[in-house]
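Reading the structure
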Amino acid sequence: MKTVSENRCFGGVQGVYTHASQATGGDMTFGLYLPEAAEDGAVPVVWYLSGLTCTHENAMAKAGAQRWAAEAQVALIFPDTSPRGEGVANDPAFDLGQGAGFYVNATEAPWAPHFRMWDYVTEELPTLLFNAFPLAEEAQAIMGHSMGGHGALTIAMSFPGRFKSVSAFAPICHPTASDWGRKQFAAYLGKDEAAWAPHDSTLLMRKRGFDGPILIDQGTQDQFLDLLMPEALSEAMASRRQGGIFRMQKGYDHSYFFVSTFMEDHMAFHAKAIYG
């Protein structure tokens, strides 16, 4: 692992690091914010998964999360959204290929050799982080935006007991029924839709739910609302009687202006779940 940069931030340190990844077959970059309390011992962790076209840097620079992480004394992890670099498959479309890993393990050519973001985010990166930094493995939460909201919800529901809470900003809620999902899942996972189901938060909610609190914010003026299908997940939560909060925020769109507006709420939500 190599240090790209480390900057003092709200009493803690915002770092950027690279490492060789076996999961993706190349170098990966991630951001990690450690609050001041990490100087004295292990601190809780909040994962932030970003959306289409993003790198580790978008939320790290635009979401304003470090201020609230410092107040709660929790760490923030900002992984990249896909493998990158020479020899890594790509596509001219912004919603497929580099920057659009969808947090799945691809099984189809040409994506399978590198696009194993599920293993990277759920296995390889956690192992590296908990071995290298003062982070409390027993006190984790996860959140994300758009494609990253999809990833946060599906991962949280697939690993019972790992995360104290999950939240999302404008998540892709029902990808097996949306053009943001069917296109990518067919490319990455093949035509058998049975392989898609474990990566659809609406279907997972219907099947198993989440063993903790959920917070979802969705803007009413989101330009991608028809692709996100928040009503499907909301209905699944209500049908299951899942404990959680689903908020439609009047006038907000899909941008980081929306994310940064409600970041304080989400960080406070996770801090409450972590600390009780």
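Description of the structure in this document. (Residues numbered from 1 in each chain as written. Predicted model: local features only at pLDDT ≥ 70, side-chain atom pairs only at ≥ 80, totals over all residues. Heavy atoms only, no water.)

Concerning the packing of helix 3 (residues 117-132) against helix 4 (residues 147-158)
- One way to put it is that helix 3 packs onto helix 4 with a least axis distance of 12 Å and a crossing angle of 55°. One finds that helix 3 runs oblique with respect to helix 4. The chirality of how helix 3 crosses helix 4 is right-handed. Mapping the contact onto sequence places Trp118, Val121 and Thr122 in helix 3 and Thr154, Ile155 and Ser158 in helix 4.
- When its residues are assigned to classes, the contact of helix 3 with helix 4 shows three nonpolar, three polar and no charged. (Axes fitted to C-alpha atoms, helices over the stretch in contact; angles between N-to-C directions. Helix = DSSP H or I, 4+ residues; strand = E, 2+ residues; numbered from the N terminus. Parallel < 35°, antiparallel > 145°, perpendicular 65-115°, else oblique. Left-handed = near helix turned anticlockwise from the far one by under 90°. Contact = heavy atoms within 4.5 Å. Nonpolar A, V, L, I, M, F, W, Y, C, P; charged D, E, K, R; others polar.)

Things to note about the pattern of salt bridges
- This structure, assessed with the given rule, holds seven salt bridges.
- Here Arg84 ties to Asp80 by a salt bridge, and the two come within 2.7 Å at their closest N and O atoms.
- For Arg84, a relative accessible area of 28% translates into the label partly exposed.
- Residue classification places Asp80 among the buried positions, given a relative accessible area of 5%.
- Between Asp265 and Arg247 there is a salt bridge, with the nearest N and O atoms lying 3.0 Å from each other. (Salt bridge = Lys/Arg side-chain N within 4 Å of Asp/Glu carboxyl O. Buried < 20%, exposed > 50% of the residue type's maximum accessible area, 1.4 Å probe, protein only.)

Description of the sheet that holds strand 7 (residues 163-169)
- A sheet is described by the order of its strands in space; here nine strands give the open sequence 1-2-3-5-4-6-7-8-9, paired in mixed fashion. The sheet is open, and its two borders are formed by strand 1 (2-9) and strand 9 (245-249), each paired with just one other strand. Neighbouring strand axes in the sheet, compared pairwise and without regard to direction, differ in orientation by 20° on average.
- Pairing geometry for strand 8 (residues 214-219) and strand 9, over five bridges, is parallel. Among the inter-strand pairings, Leu215 is bridged to a residue of strand 9, identified as Ile245. (Pairing = 2+ DSSP bridges.)

Focus on the state of the cysteines
- Within the structure shown, the criterion is met by zero disulfides.
- Not part of a disulfide, Cys173 finds its nearest cysteine sulfur in Cys54, a span of 17 Å.
- In this structure Cys173 comes out as buried when scored by relative accessible area, which is 0%. (Disulfide = S-S within 2.5 Å.)

Some thoughts on helix 4
- With 12 residues, helix 4 extends 17 Å from end C-alpha to end C-alpha; this agrees with the ideal 16 Å at 1.5 Å per step.
- Of all the positions in helix 4, only Met147, Gly148, Gly149, His150, Gly151, Ala152, Leu153, Thr154, Ile155, Ala156 and Met157 are classed as buried. (Expected span 1.5 Å × (residues − 1).)

So, the layout of surface pockets
- Of the volumes computed, that of the largest pocket is approximately 180 Å³.
- What lines the largest pocket is a set of 13 residues, among which Leu52, Thr53, His145, Phe224 and His254 lie closest to the centre.
- Classifying every residue of the lining of the largest pocket gives six nonpolar, seven polar and no charged. (1 Å grid on protein atoms, 1.4 Å probe; cavity = no way out; pocket = protein on both sides within 12 Å on 5 of 7 lines; lining within 4 Å. Points joined across faces, edges and corners; volume = space filled by probe spheres on them.)

Some words on empty space enclosed by the protein
- Tallied over the full model, the rule gives one cavity of 30 Å³ or more.
- In this structure, the largest cavity spans a volume of roughly 40 Å³.
- Taken together, Trp47, Val121, Thr122, Pro126, Gln140, Ile155, Arg162 and Phe163 make up the full set of residues lining the largest cavity.
- Looking at which element gives the most residues to the lining of the largest cavity, the answer is helix 3, with three residues.
- Looking at the lining of the largest cavity residue by residue, the classes come out as five nonpolar, two polar and one charged.

Focus on the packing of aromatic side chains
- For the structure shown, the criterion picks out 15 aromatic pairs.
- For the pair Trp111 and Tyr188, a centre-to-centre distance of 5.4 Å together with 90° between the ring planes defines the contact as edge-to-face. Highlighted residues: Trp111 in the loop between strand 5 (75-79) and helix 3 and Tyr188 in helix 5 (residues 179-189), separated in sequence by 77 residues.
- Note on Tyr188: relative accessible area 0%, which makes it buried.
- With a centroid separation of 4.8 Å and an interplanar angle of 35°, the aromatic rings of Trp180 and Phe224 are classed as tilted. Of this pair, Trp180 sits in helix 5 while Phe224 sits in the loop between strand 8 and helix 7 (225-228), and the two are 44 residues apart along the sequence.
- Exposure remark for Phe224: the relative accessible area of 25% places this residue in the partly exposed category.
- Chaining the aromatic ring pairs together yields one cluster made of Phe169, Tyr252, Phe258 and Phe262.
- Sitting over the ring of Phe159, Arg162 keeps its end group 4.2 Å from the ring centre. (Phe/Tyr/Trp six-rings, centres within 6.5 Å; stacked < 30°, edge-to-face > 60°. Lys NZ or Arg CZ within 6 Å of the ring centre and 35° of its normal.)

Shape descriptors only; they carry no functional weight alone.
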